[in-house]
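So the chains spell out like this:
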Amino acid sequence: MTITIYHNPACGTSRNTLAMIRQSGEEPTVIEYLKTPPSRERLVELIAAIGAPIRDIMRQKGTPYEELGLDDAAVTDAQLIDAMLAHPILINRPIVETPKGTRLCRPSEVVLEILPNPQIGAFTKEDGEVVTFDGGKGAQS
């Protein structure tokens, strides 16, 4: 089974998500999207698979989002994608793709919805929060 994570190692949420995947017994393909951004076609596929509006998949904090005027409602989806390709930091993370689905994993325990083996037991996030999987009903903090 192939699992891919679009990862930023400087992001705690991304590191926690990667650790949860590994604790589930899977070794994902790790794409550091700031170094290797997705193509336009791939980015459009990921956004469609997530099923959320493009703006919901964009990172605003610590990015040129406002500086580029992307907060203007008149900016089209195509222009938003252009901006994400020109400035990959605008792509929110982590995005995880598995045969069970694709999600923007914020918070990190969202990944449990799409892992083939989500019963990871207790997991302690970097901030000390403990997450457990309750046997099929989802993650609990």
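Residues numbered from 1 in each chain as written. Predicted model: local features only at pLDDT ≥ 70, side-chain atom pairs only at ≥ 80, totals over all residues. Heavy atoms only, no water.

**Student:** Please give an account of the overall build of the protein chain that cites residues and values.
**Tutor:** Helix and strand counts for the protein chain stand at 3 helices and 7 strands. Counting from the amino terminus, the protein chain carries its helices and strands in the arrangement β-α-β-α-α-β-β-β-β-β. Here the C-alpha radius of gyration of the protein chain, 15 Å, is about what a compact globule of 141 residues would show, namely 14 Å. Judged by the C-alpha coordinates and their principal axes, the protein chain covers about 45 × 30 × 25 Å. (Helix = DSSP H or I, 4+ residues; strand = E, 2+ residues; numbered from the N terminus. Rg over C-alpha atoms; globule rule 2.2 N^0.38 Å.)

**Student:** So what's going on with the nonpolar core? Which residues, and what values?
**Tutor:** Buried together is how nonpolar side chains tend to be arranged in soluble globular proteins. Ile-47, Ile-54, Met-58, Leu-70, Met-84, Leu-90 and Ile-95 are the most contacted members of the largest nonpolar core, which has 20 residues in total. Elements that contribute at least two residues to this core include exactly α2 (40-50) and α3 (77-86). Of all hydrophobic cores here, the second largest spans 16 residues; its members include Ile-3, Ile-21, Cys-105 and Leu-115. (Core = buried A, V, L, I, M, F, W, Y, C linked by side-chain atoms within 4.5 Å. Buried < 20%, exposed > 50% of the residue type's maximum accessible area, 1.4 Å probe, protein only.)

**Student:** I'd like a rundown of the side chain of Arg-59, residues and numbers included.
**Tutor:** When you line up the elements, Arg-59 lands in the loop between α2 and α3. No salt bridge forms around the buried Arg-59; measuring N to O, its nearest opposite-charge neighbour Glu-66 is 13 Å away. (Lys, Arg positive; Asp, Glu negative; His and termini not counted. Salt bridge = Lys/Arg side-chain N within 4 Å of Asp/Glu carboxyl O.)

**Student:** Pulling in residues and values, what's your account of the state of the cysteines?
**Tutor:** If you walk through the whole model with that rule in mind, you get 0 disulfides. With no disulfide of its own, Cys-11 lies 11 Å from the sulfur of Cys-105, the closest cysteine sulfur. For Cys-11, a relative accessible area of 6% gives the class buried. (Disulfide = S-S within 2.5 Å.)

**Student:** Now, about α3: what can you tell me, with residues and values included?
**Tutor:** All of the buried residues in α3 are Leu-80, Ile-81, Ala-83 and Met-84. Relative to the axis of α3, the buried residues are bounded by an arc of 160 degrees and lie together on one face. Of the surrounding secondary structure, the elements contacted by the buried residues of α3 are α2. (Arc of directions from axis to C-beta. Contact = heavy atoms within 4.5 Å.)

**Student:** Tell me what's going on with helix α1 (residues 12-23), and back it up with residues and numbers.
**Tutor:** Relative to the 16 Å expected for 12 residues at 1.5 Å per residue, α1 spans 16 Å between its end C-alpha atoms, a close match to the ideal helical length. For α1, the full list of buried residues reads Ser-14, Asn-16, Thr-17, Leu-18, Met-20 and Ile-21. Buried residues in α1 make contact with β1 (4-7), β2 (29-32), β3 (95-98), β5 (123-124) and β6 (130-133). Positive phi appears at Gly-25, one or two residues downstream of α1, with a value of about 100 degrees. (Expected span 1.5 Å × (residues − 1).)

**Student:** I'd like a rundown of the pairing of strand β4 (residues 101-104), residues and numbers included.
**Tutor:** Bridge count for β3 against β4 is 4 bridges, and the pairing is antiparallel. Each bridged residue has a counterpart across the sheet, and for Val-96 the counterpart in β4 is Arg-103. Hairpin connection of β3 to β4: 2 residues between the antiparallel strands. (Pairing = 2+ DSSP bridges.)

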